[in-house]
Amino acid sequence: MAKLNVVLYEPEIPANTGNIGRTCVATDTKLHLIEPLGFRLGEKEIRRAGMDYWKDLDVETYLNWEDFCLKNPSALLYFATTKGQRVYTDVSFEPDCYLVFGKESAGIPEELLVEHPSHCIRIPMAGETRSLNLSNSVAVVLYEALRQNQFSHMTLKGSLHHMSWRE
């Protein structure tokens, strides 16, 4: 079965990665971590943010971007960046695409964005806001990709979609 993928390019903050890992477990999404990481994977901050879900996470680490590309040669990539011309809701996400997010302090390197201009997407923001928190950005884009694919491999617990707000 096709599976969405989240790629973190050199993440720096363990709590963000832990939160993203938990979201990936909850959505049956694979997490790809591109080194160098700004922390050790065993740090208590990751375990705390990911809680007891980290052991269930489908995660793979890579030495660098080249290693990731070598091991995923046919990956259809979407780069989340404030420099993207297309809003993330204007993209049709394939059920096995890779959603790439950059490190907290600098985002995705410009050279990668220049190589893939039509696959750069952004989340609209008001005013002079530079960016959203990384784990929030992942959740926003990932859930749109899941929605577009009818949450194909997820159960809708509680059947909220059948309830009226007045019930």
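Refer to the preceding data block for the structure.
The structure displayed is predicted, hence computed values, not measured ones. (Residues numbered from 1 in each chain as written. Predicted model: local features only at pLDDT ≥ 70, side-chain atom pairs only at ≥ 80, totals over all residues. Heavy atoms only, no water.)

Visitor: Which residues make up unusual backbone geometry, and what values go with them?
Guide: Cis geometry marks the peptide bond from glutamate 35 to proline 36; its omega dihedral reads 5°. In this model, glutamate 10 sits at a positive phi of 50°, which is unusual for a non-glycine residue. Within the secondary structure, glutamate 10 is located in the loop between strand S1 (5-9) and helix H1 (14-27). For glutamate 10, a relative accessible area of 15% corresponds to the buried category. The backbone of glutamine 150 shows a phi angle near 55°, a positive value even though the residue is not glycine. Mapped onto the elements of the fold, glutamine 150 is located in the segment after helix H5 (134-148). (Helix = DSSP H or I, 4+ residues; strand = E, 2+ residues; numbered from the N terminus. Buried < 20%, exposed > 50% of the residue type's maximum accessible area, 1.4 Å probe, protein only.)

Visitor: Would you mind going over the pattern of salt bridges in detail, with residue names and values included?
Guide: Under the criterion given, the structure shown has eight salt bridges. One salt bridge in this structure joins lysine 103 and glutamate 10, with 3.1 Å as the shortest N-O distance. Here lysine 103 is found in the loop between strand S6 (98-101) and helix H4 (110-115), whereas its partner glutamate 10 is found in the loop between S1 and H1, with 93 residues between them in sequence. Given the relative accessible area of 24%, lysine 103 is considered partly exposed. We note a salt bridge from aspartate 67 to lysine 71, for which the minimum N-O separation is 3.3 Å. Linking aspartate 67 with lysine 71, this pair stays in helix H3 (residues 65-71), spanning four residues, or about one helical turn. Aspartate 67 sits in the buried class, given a relative accessible area of 12%. According to the relative accessible area criterion, lysine 71 is partly exposed, its value standing at 47%. Overlapping salt bridges, with partners in common, bring together Lys3, Asp28 and Asp58 in one network. (Salt bridge = Lys/Arg side-chain N within 4 Å of Asp/Glu carboxyl O.)

Visitor: Could you give me a rundown of H1, with the residues and numbers involved?
Guide: In this model H1 runs 20 Å from its N-terminal to its C-terminal C-alpha over 14 residues, within 8% of the 20 Å that 1.5 Å per residue would give. Of the residues making up H1, those classed as buried are Pro14, Asn16, Thr17, Gly18, Ile20, Gly21, Thr23, Cys24 and Thr27. Immediately downstream of H1, the backbone of aspartate 28 shows phi near 55°, a positive value. (Expected span 1.5 Å × (residues − 1).)

Visitor: Describe the pairing of strand S4 (residues 77-80), with residues and values.
Guide: Both faces of S4 are covered, namely the face carrying Leu77 and Phe79 and the face carrying Tyr78 and Ala80. As paired strands, S4 and S6 are joined by four bridges and run parallel to one another. Following the sheet pairing, alanine 80 is matched in S6 by phenylalanine 101. Here S4 runs beside strand S7 (residues 120-122); their pairing, made up of two bridges, is parallel. Each residue of the ladder has a partner; that of phenylalanine 79, found in S7, is cysteine 120. (Pairing = 2+ DSSP bridges.)

Visitor: For the nonpolar core, give the residues involved together with the corresponding values.
Guide: Core analysis: the largest hydrophobic core is formed by 28 residues, its most contacted members being Val6, Leu8, Leu31, Phe93, Leu99 and Phe101. If we skip the residues at most four places from it in the chain, valine 6 touches Ile20, Cys24, Thr29, Lys30, Leu31, His32, Leu99, Phe101, Val138 and Leu142. Listed in part, the 14 residues of the second largest apolar core include Tyr62, Leu77, Tyr98 and Cys120. (Core = buried A, V, L, I, M, F, W, Y, C linked by side-chain atoms within 4.5 Å. Contact = heavy atoms within 4.5 Å.)

Function cannot be inferred from these measures alone, as they are strictly geometric.
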